[in-house]
Amino acid sequence: MIITDNIDFQKLNGLVPCIVQDANTKNVLMLGFMNEEAFNKTIREKRVTFYSRTKNRLWTKGETSGNFLEVHDILVDCDSDSILIKAHPIGPVCHTGADTCFNESNKDFSLLTLESIIQDRKKNPKKGSYTTSLFESGINKIAQKVGEEAVEIVIEAKDNNKELFLNESADLLYHFLVLLVQKGFSLSDVVEILKKRHSK
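Owing to the predicted nature of the structure, the values given are computational and were not obtained by experimental measurement.

The rules we used
Residues numbered from 1 in each chain as written. Predicted model: local features only at pLDDT ≥ 70, side-chain atom pairs only at ≥ 80, totals over all residues. Heavy atoms only, no water. Salt bridge = Lys/Arg side-chain N within 4 Å of Asp/Glu carboxyl O. Helix = DSSP H or I, 4+ residues; strand = E, 2+ residues; numbered from the N terminus. Buried < 20%, exposed > 50% of the residue type's maximum accessible area, 1.4 Å probe, protein only. Arc of directions from axis to C-beta. Contact = heavy atoms within 4.5 Å. Axes fitted to C-alpha atoms, helices over the stretch in contact; angles between N-to-C directions. Parallel < 35°, antiparallel > 145°, perpendicular 65-115°, else oblique. Left-handed = near helix turned anticlockwise from the far one by under 90°. Nonpolar A, V, L, I, M, F, W, Y, C, P; charged D, E, K, R; others polar. Expected span 1.5 Å × (residues − 1). Polar contact = N/O pair within 3.5 Å; in protein donor to acceptor, adjacent residues only side chain to side chain. Pairing = 2+ DSSP bridges.

**Things to note about the pattern of salt bridges**
Note that side chains of opposite charge can pair when their charged atoms are close.
So, point 1. Scanning the model with the defined rule gives 9 salt bridges in all.
So, point 2. In this structure, the salt-bridge partner of Arg47 is Glu70, at a minimum N-O distance of 2.9 Å. Of this pair, Arg47 sits in the loop between helix H1 (36-45) and strand E3 (49-52) while Glu70 sits in strand E5 (residues 69-76); the two residues are 23 residues apart in sequence, bridging distant segments of the chain.
So, point 3. Among the charged side chains, a salt-bridge network with shared partners connects Arg47, Glu70 and Lys123.

Structure, rendered in structure tokens:
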């Protein structure tokens, strides 16, 4: 969800505070300020850009470090003078090397975290990465791997080896996420369908 209407940039002399929250863990990552130009650049490039009050210029988070904040959602508060951006951080957020500017750990792992890593491998291929090699092999190979892992989990389900069954389950989930990303979809798209089915 990206809401862009009626932001009051004049209340604080052209700037509005912008809170950035991890879209997966919900941890608050940092606070910055945006002017209208920074906000529009953020919308356009899907990466968080602030207005630096010390440098008096636009500043895209990660422009030097490579630790970008990829936009997931943008919300505006009830007074239209504050912005909340839910983002996927690429690397540590704070200039000190901490996960957040409030010195909190942001290492909670979930399927959404894994999906974010997979999405980053697609956007930023990494030499030696198995995920990158899958994307480079194309849709047919990725779909084939999902099929192979599905067959293997069916085989393991008939036995009583807990470790093998759970490992094959992890393999299937991982390759399914790669397939989703390759097709241009996300886990949230699948969850939305399940949500609609559940409401019927």
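**Observations regarding H1**
An α-helical segment advances 3.6 residues per turn. Residues three or four places apart therefore align on the same side.
So, point 1. Residues of H1 that are buried include every one of Ala38, Phe39, Lys41 and Thr42, and no others. Here the buried residues of H1 occupy an arc of 165 degrees about the axis, which is enough to place them on one side. In H1, the exposed positions angled more than 90 degrees off the buried face are occupied by Glu37 and Arg44.
So, point 2. For H1, the secondary structure elements touched by its buried residues are strand E2 (28-34), E3, strand E4 (57-60), E5 and strand E6 (83-89).
So, point 3. Downstream of H1 by a residue or two, Lys46 has a phi angle that is positive, lying close to 60 degrees.

**A short note on the packing of helix H2 (residues 111-123) against helix H3 (residues 130-137)**
So, point 1. The interhelical angle for the contact between H2 and H3, taken along N-to-C directions, is 55 degrees, at an axis separation of 9 Å. With respect to each other, H2 and H3 are oriented oblique. As H2 packs across H3, the resulting crossing turns out to be right-handed. Of H3, the residues touching H2 (which contributes Ile118, Arg121 and Lys122) are Thr131, Thr132 and Phe135.
So, point 2. For the contact of H2 with H3, a count of residues per class yields 2 nonpolar, 2 polar and 2 charged.

**Re H2**
So, point 1. The end-to-end C-alpha distance of H2 is 18 Å, a good match for the 18 Å that 13 residues give at a rise of 1.5 Å each.
So, point 2. Every buried residue of H2 is listed here: Thr113, Leu114, Glu115, Ser116, Ile118, Asp120 and Arg121.
So, point 3. Its buried side turned inward, H2 meets E6, H3, helix H5 (162-182) and helix H6 (187-198).
So, point 4. Measuring from the side-chain oxygen of the N-cap residue of H2 to the backbone nitrogen of Leu112 gives 3.2 Å; that N-cap residue is Ser110.

**Looking at the packing of H2 against H5**
So, point 1. One way to put it is that H2 packs onto H5 with a least axis distance of 10 Å and a crossing angle of 50 degrees. Here H2 lies oblique to H5, going by the angle between them. For the element pair H2 and H5, the recorded crossing hand is right-handed. Contacts between H2 and H5 involve Leu111, Leu114, Glu115, Ile118, Gln119 and Lys122 from the first element and Leu173, Tyr174, Leu177, Val178, Val181 and Gln182 from the second.
So, point 2. The residue inventory of the contact of H2 with H5, partitioned by class, reads 8 nonpolar, 2 polar and 2 charged.

**Focus on the sheet that holds E5**
Within a sheet, each strand pairs with its neighbour through backbone hydrogen bonds, oriented either parallel or antiparallel.
So, point 1. Spatially, 4 strands are ordered E2-E1-E6-E5 in an open sheet, and the strand pairing comes out mixed. In this open sheet, the two edge strands, each paired with only one partner strand, are E2 and E5. Across the sheet, the mean angle separating the axes of adjacent strands is 25 degrees when strand polarity is ignored.
So, point 2. The pairing of strand E1 (residues 16-22) with E2 spans 6 bridges and is classified as antiparallel. Bridge pairing in E2 places Val16 opposite Met34.

**Observations regarding the pairing of E5**
So, point 1. Bridging between E5 and E6 involves 7 bridges; their strand directions are antiparallel. By the bridge assignment for E6, Asp73 is matched with Lys86.

**Focus: the environment of Ile139**
So, point 1. Among the structural elements, Ile139 can be located in helix H4 (residues 139-157).
So, point 2. The sequence separation of Ile139 and Val178 amounts to 39 residues, and the corresponding C-alpha distance is 9.7 Å.
So, point 3. Ignoring anything within four residues of it in the chain, the contact list for Ile139 reads Leu179, Gln182 and Lys183.

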